[in-house]
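If you want the building blocks of each chain, they are given just below.
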Amino acid sequence: MHSECLFCKIIKGQIPAEKVYEDEMVFAFSDIKPAAPLHILIIPKEHIPSLAHVLPSQQQLLGHIQLVASKIAKLYPQTKNGFRLVANSGKDAGQTVFHLHYHLLAGRDFGWPPG
Ligand code: 5GP
Ligand code: ZN
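As the structure is a prediction and not an experimental result, all values here were calculated from the model.

A.B. asks: Break down the environment of Pro16 for me, with residues and values.
C.D. replies: As for its position among the elements, Pro16 is in the loop between α1 (6-12) and β1 (19-22). Judged by relative accessible area, which is 75%, Pro16 ranks as exposed. Distance from Pro16 to Gly111, taken between C-alpha atoms, is 32 Å for residues 95 residues apart in sequence.

Written out as C-alpha cells, the structure is:
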C-alpha cells in the first residue's frame, strides 16, 4: 500500500468509490468519468505502478485479473456485443494513475486503432 496513491486509498475505503467486485487479490469499481456506458476499473490490491513494473512472481495475479474481467463482463448487458479491456502503461499511453489498472469498457463501438 502506498499512502499517497489514489487507488490504494480507494481499496482502503479512504476515498469512496462504487465497488462492483472484490476478492483477496483484486478490487473493481466504476470509473468516476466514464468513457463508455459501462466503464469499470479492475485493480490489484497490491500496489504495482504499471504493467512495465510487473514481475514473474505476479503471473498468477495477472491471469486472475483477466478471469475477473471476464466474470464481471458477463454480469452486464452492455457487454452482449463485446467489450474492451485496456491497460494504459506510461505517459504516452495516457496513464494518469500510477497504480496498475485495467479499464473494462462496453456499450458502444470503440473503433480500431485506438486514439
Ligand atoms: P488512466 O488514464 O491512468 O488509464 O486511467 C485512470 C482512470 O481513473 C481514469 O479513467 C479516471 O477517470 C479514473 N479516476 C481518476 N480518479 C478517480 C477517482 O477518484 N475515482 C474513480 N472511481 N475513478 C477515478
Ligand atoms: Zn496504489
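A.B. asks: Run through the site of ligand 1, naming residues and quoting values.
C.D. replies: Around ligand 1 lies a shell of 17 residues, among which Asp31, Asn88, Thr96, His101 and His103 are the nearest. Between ligand 1 and Val97, the relevant distance is 3.1 Å, taken from an oxygen atom to a main-chain nitrogen or oxygen of the residue. In the model, an oxygen atom of ligand 1 is placed 2.9 Å from a nitrogen or oxygen of the His101 side chain. Against a free-state accessible area of 520 Å², the protein chains account for coverage of 82% of ligand 1. Partitioning the shell around ligand 1 into residue classes produces 7 nonpolar, 8 polar and 2 charged.

A.B. asks: Describe the sheet that holds strand β4 (residues 84-86), listing the residues and the values that go with them.
C.D. replies: Taking strand neighbours across the sheet as the criterion, the 5 strands line up as β1-β2-β3-β5-β4 in an open arrangement whose pairing is antiparallel. The sheet is open, and its two borders are formed by β1 and β4, each paired with just one other strand. Ignoring strand direction, the axes of neighbouring strands in this sheet form an average angle of 20°. In the sheet, strand β3 (residues 38-44) pairs with strand β5 (residues 102-106) via 5 bridges, with the strands oriented antiparallel. Its bridge partner lying in β5, Leu41 is registered against His103. Strands β1, β2 (26-30), β3, β4 and β5 of the sheet are contacted by helix α2 (residues 59-75), whose axis makes an angle of about 155° with β3.

A.B. asks: How would you explain the nonpolar core if you had to name every residue and give the values?
C.D. replies: With 18 residues, the main nonpolar core has Ile40, Ile42 and Ile72 as its most contacted residues. At the level of secondary structure, the elements contributing two or more residues to this core comprise β2, β3, α2 and β5. Per-element accounting of this core gives the leading share, 7 residues, to α2. Those residues within four positions of Ile40 in sequence are excluded, and the remaining contacts are Val20, Ala28, Phe29, Ser30, Asp31, Ile72, Tyr76, Tyr102, His103 and Leu104. Core analysis: the next-biggest nonpolar cluster, separate from the first, contains 10 residues, Ile10, Ile11, Leu41 and Ile43 among them.

Rules behind the numbers
- Residues numbered from 1 in each chain as written.
- Chains lettered and ligands numbered in written order.
- Predicted model: local features only at pLDDT ≥ 70, side-chain atom pairs only at ≥ 80, totals over all residues.
- Heavy atoms only, no water.
- Helix = DSSP H or I, 4+ residues; strand = E, 2+ residues; numbered from the N terminus.
- Buried < 20%, exposed > 50% of the residue type's maximum accessible area, 1.4 Å probe, protein only.
- Near = heavy atom within 4 Å.
- Polar contact = N/O pair within 3.5 Å; in protein donor to acceptor, adjacent residues only side chain to side chain.
- Areas by Shrake-Rupley, 256 points an atom, 1.4 Å probe, with all protein chains shown as cover.
- Nonpolar A, V, L, I, M, F, W, Y, C, P; charged D, E, K, R; others polar.
- Pairing = 2+ DSSP bridges.
- Axes fitted to C-alpha atoms, helices over the stretch in contact; angles between N-to-C directions.
- Contact = heavy atoms within 4.5 Å.
- Core = buried A, V, L, I, M, F, W, Y, C linked by side-chain atoms within 4.5 Å.

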